[in-house]
Amino acid sequence: MKYCKFLILAALALPTLAFAQATDKPASKPDTGTEQAIMKMEQDLITALIKGDVGAIGPMVADTFFFTAPDGKTSSKAQFLADVKSGDLKILSSAIKDMKVQASDSDMAVVTYATTDKGTYKGEDISGEYRWTDVFMKRDGGWELSVSQGTGIDAAKP
């Protein structure tokens, strides 16, 4: 009976040990060039968004772009660009802080950062502080924003 319990315990523990070994590697740090290129692209996107420059935003965003706004609404590249072009989405200012870039191999990067924004969406004030997670993919030698999700930071809550 003790031998049976030991076998069951070993069978349950082995996958956990194997998983721990497989994920025990430190997170990959992008090379400085990749990190700087992605950080510059994030700033260029914000600058183009403030200017309402759809012509500049379009090439930086993947055709398969998927955006999840802080209110949970989603949009495609076409919908996002239409909102900027029409003025429905108007960002007056955006200050970026705490930006971190994590890269996997050389064709994908995940960026996290916070912003303090002033702006409106369809006439409603959307000013506030946000945390963002963006995923960039390298295609045809250039980086494209593929996925972006924002979360509002409620300063009143601990």
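Residues numbered from 1 in each chain as written. Predicted model: local features only at pLDDT ≥ 70, side-chain atom pairs only at ≥ 80, totals over all residues. Heavy atoms only, no water.

S.K.: Honestly, the confidence of the model for the chain in this entry has me stumped. Any pointers?
M.R.: Low-pLDDT stretches of the model should not have their predicted coordinates read in fine detail. With 78% of its residues at a pLDDT of 70 or more, the chain shows a mean pLDDT of 84. Under a pLDDT of 50 for its full length, residues 1–26 has, in the predicted model, zero contacts with residues more than four places off or in other chains. (pLDDT = per-residue confidence, 0-100. Contact = heavy atoms within 4.5 Å.)

S.K.: Help me out: how do you make sense of the packing of aromatic side chains in this one?
M.R.: The description of an aromatic ring pair rests on the distance of the ring centres and on the angle between the ring planes. Counted under the stated rule, the structure contains five aromatic pairs. Consider the rings of Phe67 and Phe80, whose centres lie 5.4 Å apart with planes at 55 degrees: the pair is tilted. With Phe67 in strand β1 (residues 61–68) and Phe80 in helix α4 (residues 77–86), this residue pair connects regions lying 13 residues apart in the sequence. Judged on exposure class, the residue Phe67 and its partner Phe80 are both buried. Through a chain of ring-to-ring contacts, three or more aromatic side chains come together here, namely Phe65, Phe67, Phe80, Tyr130 and Trp132. (Phe/Tyr/Trp six-rings, centres within 6.5 Å; stacked < 30°, edge-to-face > 60°. Helix = DSSP H or I, 4+ residues; strand = E, 2+ residues; numbered from the N terminus. Buried < 20%, exposed > 50% of the residue type's maximum accessible area, 1.4 Å probe, protein only.)

S.K.: Just checking my understanding: could you explain the pattern of salt bridges for this structure?
M.R.: Between side chains of opposite charge, a pair can form when the charged atoms approach closely. For the structure shown, the criterion picks out six salt bridges. Residue Lys40 is joined to Asp44 by a salt bridge in which the shortest nitrogen-to-oxygen separation is 2.8 Å. In this pair, Lys40 and Asp44 both sit in helix α2 (residues 32–51), four residues apart, roughly one turn of the helix. Owing to a relative accessible area of 52%, Lys40 belongs among the exposed residues under this scheme. For Glu144, the salt bridge is made with Arg139, and the minimal N-O distance between the two is 2.9 Å. (Salt bridge = Lys/Arg side-chain N within 4 Å of Asp/Glu carboxyl O.)

S.K.: It is not clear to me how α4 should be interpreted in this structure. Could you clarify?
M.R.: Given 3.6 residues per turn, any residue in an α-helix points the same way as the ones three and four places further on. Where α4 is concerned, the buried positions are Lys77, Phe80, Leu81, Asp83 and Val84. Buried residues in α4, looked at end-on, bunch into an arc of 155 degrees, giving them a common side. In this structure, α4 carries Ala78 and Lys85 as exposed residues pointing more than 90 degrees from its buried face. Each element contacted by the buried residues of α4 is listed here: α2, α3 (54–60), β1, β2 (74–76), β3 (89–104) and β4 (108–121). Positive backbone phi, at 90 degrees, marks Gly87, one or two positions downstream of α4. (Arc of directions from axis to C-beta.)

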